[in-house]
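Listed below, chain by chain, are the residues.
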Amino acid sequence: MKLKTILLSACSVLMFAGLASAETLTIATVNNGDMVRMQKLTDDFKAKNPDIDLQWVTLEENVLRQKVTTDIATKAGQYDVLTIGTYEVPIWSKLGWLAPLDKLSGDKNYDVNDLLPAIRSGLTTDGKLYAAPFYGESSMVMYRKDLFDKAGLKMPDAPTWDFIADAARKITDKDHEVYGICLRGKAGWGENMAFLTAMSNSFGARWFDEKWKPQFDQPEWKNTLDFYVKLMKDAGPPGASSNGFNENLSLFQTGKCGMWIDATVAASFVSDPKQSKVADKVGFALAPDKGLGKRGNWLWAWNLAIPASSKKTEAAEKFIAWATSKDYTNLVAQKEGWLNAPPGTRTSLYASADYQKAAPFAKMTLDSINSADPTHPTVKPVPYVGVQFVAIPEFQGIGTAVGQQFSAALAGQISVDQALKAAQQLTSREMTKAGYPK
């Protein structure tokens, strides 16, 4: 009996030790469709890694950025895996805030060389990968072919802004809650300013000249914002100043938008009959231009990274390897169909005949990603890198403050001229405070 008791006690201790050794990863992520889908599929990860538990913190985009930035800057260590964008990775890695993903880079099964060069280069500092892309994107025009047919219009593969504006006004039917165009209006450097910065590039505008002087007092920005506000007033939905990616996605999927210019990642959502009432009526085109040599398309990836303060880097890297692998892509294809595979990260996806067949927008997405040039984003020369953002630490605060002014102009609370004047003043003040030019 004593031996049995001792053995049972030993087993209990071992079982307890096994349970106690399980690590819990706290993952901060954004509340968009691809990330929500990932959470639903994590049983696959748990089956392969029973010693790792997952705790999710899922937040709206602007809130996520604020909380994650505060956490990593103060080294609070609240999160083990962060969902961050192409903007943060090079800045934070140089500050020593991110752990390099060395095991991932050396894993032949992961195949880091399969990552699209345009996406991978933005996540690499001094030859080391500091984040893995969950999905990548540019931007494109999504439009209702039935509404275009009804109006006798044909969408070019590479439209101009003038064509887009004319078409938007012609297909608007406010009496039936059909609006010609939906564009981001919600304030935020990654919300309305992502769209407006990319749009302004095609209008010949830039955030700063070569000496870091703000350019909101120049005619190119005036032309951009005038065009945007007037178009949205004539052909946009009510309350547009509160609409970001998710709100416009919902409007388009429910048949209330004739056109939507936004992230290429949305193409799968608007084409999926399980999610979209207009799935069989959607066409795609490149982001518009003004004939100046730049289109209004951006370059972005939502990525998974590990804060340098995390004590669970090995487990965190296992999770990131699972979530951004070829096997995960195949898992989504198996469970949800190829249409819903995370786009914009791997060469192998765009070489897949199954994906090309399921996703009519595949080639246009890849072309849009490859055509965006973060090192030469504007018509005139600039001292910064970034297509829909300026890759300096100060941009996060400045971009959001400017976004608030432009959102107010869209809402009719202030004029376009007042918004641009305020943007010029606040940007000049903050850049001087930060010591620019450096």
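### Quick word on the packing of aromatic side chains
Part 1 of the argument: Under the criterion given, the structure shown has 36 aromatic pairs.
Part 2 of the argument: Centre to centre, the rings of Trp 92 and Trp 97 are 5.9 Å apart; their planes meet at 55°, and the pair counts as tilted.
Part 3 of the argument: Ring geometry for Trp 207 versus Phe 208: centroids 6.1 Å apart, planes at 40°, classification tilted.
Part 4 of the argument: Judged by relative accessible area, which is 1%, Trp 207 ranks as buried.
Part 5 of the argument: Overall, Phe 208 belongs to the buried group, its relative accessible area being 1%.
Part 6 of the argument: The ring of Tyr 110 is capped by Arg 346, whose NZ or CZ atom sits 4.7 Å from the centre of that ring.

### As for unusual backbone geometry
Among all residues except glycine, the phi angle is most often negative; among peptide bonds, the trans geometry is most common.
Part 1 of the argument: Of the consecutive residues Tyr 436 and Pro 437, the connecting peptide bond is found in the cis state with omega at 0°.
Part 2 of the argument: One can find Pro 437 in the segment after α20 (416–433).
Part 3 of the argument: One non-glycine residue, Asp 111, lies in positive phi territory at about 60°.
Part 4 of the argument: The residue Asp 111 is located in the loop between α6 (102–105) and α7 (117–121) in this model.
Part 5 of the argument: Given the relative accessible area of 23%, Asp 111 is considered partly exposed.
Part 6 of the argument: Even without glycine at this site, Glu 177 takes up a positive phi of about 55°.
Part 7 of the argument: Along the chain, Glu 177 falls in the loop between α9 (161–171) and α10 (192–202).
Part 8 of the argument: Residue classification places Glu 177 among the partly exposed positions, given a relative accessible area of 43%.

### Describing the sheet that holds strand β3 (residues 81–85)
Part 1 of the argument: The mixed open sheet is built from five strands, whose spatial order is β2-β1-β3-β10-β6. Each having just a single partner strand, β2 (52–59) and β6 (132–137) make up the two edges of the open sheet. Geometrically, the sheet is characterised by an average inter-axis angle of 20° between neighbouring strands, direction not taken into account.
Part 2 of the argument: By the bridge criterion, two bridges tie strand β1 (residues 23–30) to β3 in an arrangement that is parallel. Considered in β3, the bridge of Ile 27 is made with Val 81.

### Thoughts on empty space enclosed by the protein
Part 1 of the argument: According to the stated counting rule, one finds three cavities of 30 Å³ or more in the structure shown.
Part 2 of the argument: The space that makes up the largest cavity amounts to roughly 50 Å³.
Part 3 of the argument: What lines the largest cavity is Pro 133, Phe 134, Ala 323, Thr 324, Ser 325, Tyr 328, Thr 329, Pro 342, Thr 345 and Arg 346.
Part 4 of the argument: Its residues placed into classes, the lining of the largest cavity shows five nonpolar, four polar and one charged.
Part 5 of the argument: In this structure, the second largest cavity encloses a volume near 40 Å³.
Part 6 of the argument: Considering the residues around the second largest cavity, the lining is formed by Gly 204, Ala 205, Arg 206, Gln 215, Gln 218, Glu 220, Trp 221 and Lys 380.

### Re helix α18 (residues 362–371)
Part 1 of the argument: Taken together, the buried positions of α18 are Ala 362, Met 364, Thr 365, Ser 368 and Ile 369.
Part 2 of the argument: Contact partners of the buried residues in α18: α7, β6, β7 (139–144), β9 (282–286), α16 (347–351) and α17 (353–358).

### Looking at the nonpolar core
Part 1 of the argument: Ile 181, Trp 207, Tyr 228, Met 259, Phe 319 and Phe 406 are the most contacted members of the largest nonpolar core, which totals 145 residues.
Part 2 of the argument: For this core, the element with the most residues is helix α11 (residues 219–235), which contributes eight residues.
Part 3 of the argument: In this view, Tyr 228 contacts Leu 183, Arg 184, Gly 185, Phe 195, Leu 196, Met 199 and Leu 410; residues no more than four positions away in its chain are not counted.

### Describing the state of the cysteines
Part 1 of the argument: This structure, assessed with the given rule, holds one disulfide.
Part 2 of the argument: Note that Cys 182 is cross-linked by a disulfide to Cys 257, the S-S spacing being 1.9 Å. The disulfide joining Cys 182 to Cys 257 has a torsion of about -75° about its S-S bond and is therefore left-handed. Taken together, the positions of Cys 182 in the loop between α9 and α10 and Cys 257 in the loop between α12 (245–253) and β8 (259–263) put the pair 75 residues apart, joining distant regions of the chain.
Part 3 of the argument: For Cys 182, a relative accessible area of 0% translates into the label buried.

### A word on the confidence of the model for the protein chain
Part 1 of the argument: Looking at the protein chain as a whole, its pLDDT mean stands at 94, while 95% of the residues score no less than 70.
Part 2 of the argument: Low pLDDT, under 50, characterises residues 1–20; the stretch is placed with zero contacts to residues that sit more than four places away or in other chains.

### Here we look at the pattern of salt bridges
Part 1 of the argument: Summed over all chains, the structure comprises 26 salt bridges.
Part 2 of the argument: Measuring nitrogen to oxygen at the nearest pair gives 2.9 Å for the salt bridge that ties Asp 111 to Lys 326. Linking Asp 111 in the loop between α6 and α7 with Lys 326 in helix α15 (residues 326–336), this pair joins segments that are 215 residues apart in sequence.
Part 3 of the argument: In this structure Lys 326 comes out as partly exposed when scored by relative accessible area, which is 29%.
Part 4 of the argument: Linking Arg 346 and Asp 114 is a salt bridge whose minimum nitrogen-to-oxygen distance equals 3.1 Å. With Arg 346 in the loop between α15 and α16 and Asp 114 in the loop between α6 and α7, this pair connects stretches of sequence that are 232 residues apart.
Part 5 of the argument: Here Asp 114 falls in the buried class, since its relative accessible area comes to 8%.

### Some remarks on the sheet that holds β7
Part 1 of the argument: Taken in spatial order, the three strands line up as β8-β7-β9 in an open sheet, and their pairing is antiparallel. Taken across any chain shown, the strands that pair with only one partner, and hence form the sheet edges, are β8 and β9. Going across the sheet, the axis of each strand differs from the next one's by a mean of 30°, ignoring polarity.
Part 2 of the argument: Bridging between β7 and β8 involves five bridges; their strand directions are antiparallel.

Reading the values: rules and limits
- Residues numbered from 1 in each chain as written.
- Predicted model: local features only at pLDDT ≥ 70, side-chain atom pairs only at ≥ 80, totals over all residues.
- Heavy atoms only, no water.
- Phe/Tyr/Trp six-rings, centres within 6.5 Å; stacked < 30°, edge-to-face > 60°.
- Buried < 20%, exposed > 50% of the residue type's maximum accessible area, 1.4 Å probe, protein only.
- Lys NZ or Arg CZ within 6 Å of the ring centre and 35° of its normal.
- Helix = DSSP H or I, 4+ residues; strand = E, 2+ residues; numbered from the N terminus.
- Pairing = 2+ DSSP bridges.
- Axes fitted to C-alpha atoms, helices over the stretch in contact; angles between N-to-C directions.
- 1 Å grid on protein atoms, 1.4 Å probe; cavity = no way out; pocket = protein on both sides within 12 Å on 5 of 7 lines; lining within 4 Å.
- Points joined across faces, edges and corners; volume = space filled by probe spheres on them.
- Nonpolar A, V, L, I, M, F, W, Y, C, P; charged D, E, K, R; others polar.
- Contact = heavy atoms within 4.5 Å.
- Core = buried A, V, L, I, M, F, W, Y, C linked by side-chain atoms within 4.5 Å.
- Disulfide = S-S within 2.5 Å.
- pLDDT = per-residue confidence, 0-100.
- Salt bridge = Lys/Arg side-chain N within 4 Å of Asp/Glu carboxyl O.

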